[in-house]
Amino acid sequence: MNTFYILMMEYPAAQRKHERTAERILDVATTLVMEHGLEGLTITKLAKALAYTPGALFRYFASKDAILSALHVRFVTQLSGRIDQALIDTEQHVDKLSPQAHAVLRLLTVGRTWIQHTREQPGPMALVALSMADPRELLDADVAAEAIEVYVALVARLAELFTAAELCGACSAGNAAHRAVGLGLSIQGILQSRKLSRFTPGLFDADQLAGSISNDLLRAWCHPVPMNEAIAALASL
């Protein structure tokens, strides 16, 4: 076995180890944000929590900004993947739906999946909530570029679904990108009130409210017959 072949075998293992360590760093960073807010995430505190030296962290992330950007990228990438899988799963149950109801069902599926994902990922959700609530520009533009790219890709994916719904006659004419952003921000914004709902039990359920508001928006954009048919189909899934 020659030296080149040995190196080729060792590289994937080293790369996987590097990726696992980077994921662990992001996991601990998420915990710090949940417990202490964005100000509680510093390179010094993160290194201490990991039993690393600050210099060791810089082998994986160049700065705190890079860590925050990577956390956003991970959250949105996982959300996008889960939405795609939910849409694939939905396809198995649409045989008896009209094309218009099918198009609306895909939009409803996005909303439900978004709510479920953030419920199961409270740490990343806390990061997004704190970042949105802070009026400061938290990330340098160059560092934030990758995070912005995945957010734009998610909006574009949702806009495609709105365009398809409009083209098949399920929705009225409108700006698909604006609708995608409006739906996403409505869901995300309401879900940020989960913390408040814990202190006011019985006043409202953030997840239920997010679902209700997203449905109300879709009712405003989509025609009643396919909307009602899609809601009934979603309830049976």
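Residues numbered from 1 in each chain as written. Predicted model: local features only at pLDDT ≥ 70, side-chain atom pairs only at ≥ 80, totals over all residues. Heavy atoms only, no water.

**Thoughts on the nonpolar core**
Piece 1. Counting 43 residues, the largest nonpolar core has L107, L158, F162 and L218 as the members making the most contacts within it.
Piece 2. Of all the secondary structure elements, the ones that give two or more residues to this core are α4 (64-90), α5 (99-120), α6 (122-133), α7 (141-167), α8 (176-191), α10 (206-221) and α11 (224-235).
Piece 3. Counting residues per element, this core draws most heavily on α5, at nine residues.
Piece 4. Apart from the residues lying within four places of it in its own chain, the contact partners of L107 are L158, L161, F162, A165, C171, L218 and C222.
Piece 5. Core analysis: the next-biggest nonpolar cluster, separate from the first, contains 21 residues, A29, L38, L46 and I67 among them. (Core = buried A, V, L, I, M, F, W, Y, C linked by side-chain atoms within 4.5 Å. Buried < 20%, exposed > 50% of the residue type's maximum accessible area, 1.4 Å probe, protein only. Helix = DSSP H or I, 4+ residues; strand = E, 2+ residues; numbered from the N terminus. Contact = heavy atoms within 4.5 Å.)

**Thoughts on the state of the cysteines**
Piece 1. Scanning the model with the defined rule gives zero disulfides in all.
Piece 2. Left without a disulfide partner, C168 is nearest to the cysteine sulfur of C171, which lies 7.3 Å away.
Piece 3. We classify C171 as buried; its relative accessible area is 4%. (Disulfide = S-S within 2.5 Å.)

**Some words on the packing of α5 against α10**
Piece 1. Contact pair α5 / α10: the axes reach a minimum separation of 10 Å and the direction vectors enclose 160°. Judged by the inter-axis angle, α5 sits roughly antiparallel to α10. Considering only the axes of α5 and α10, their crossing is right-handed. Side by side, α5 and α10 meet where L107, L108, I115 and R119 of the first sit next to D207, A210, G211, N215 and L218 of the second.
Piece 2. Its residues placed into classes, the contact of α5 with α10 shows five nonpolar, two polar and two charged. (Axes fitted to C-alpha atoms, helices over the stretch in contact; angles between N-to-C directions. Parallel < 35°, antiparallel > 145°, perpendicular 65-115°, else oblique. Left-handed = near helix turned anticlockwise from the far one by under 90°. Nonpolar A, V, L, I, M, F, W, Y, C, P; charged D, E, K, R; others polar.)

**Some words on the pattern of salt bridges**
Piece 1. The tally for this structure, following the rule as stated, stands at seven salt bridges.
Piece 2. The partner of E160 in a salt bridge is R157, and the shortest N-O contact between them spans 3.7 Å. You can see E160 and its partner R157 sitting in helix α7, three residues apart, about one turn around the helix.
Piece 3. Via salt bridges that share partners, E23, D27 and R74 belong to a single interconnected network. (Salt bridge = Lys/Arg side-chain N within 4 Å of Asp/Glu carboxyl O.)

**Overview of the packing of α10 against α11**
Piece 1. α11 packs onto α10 with a crossing angle of 150° between their chain directions and a minimal axis gap of 9 Å. Relative to α11, α10 is oriented roughly antiparallel. Crossing handedness for the pair α10 and α11: right-handed. Where α10 approaches α11, its residues N215, L218 and R219 are matched on the opposing element by M227, N228 and I231.
Piece 2. For the contact of α10 with α11, a count of residues per class yields three nonpolar, two polar and one charged.

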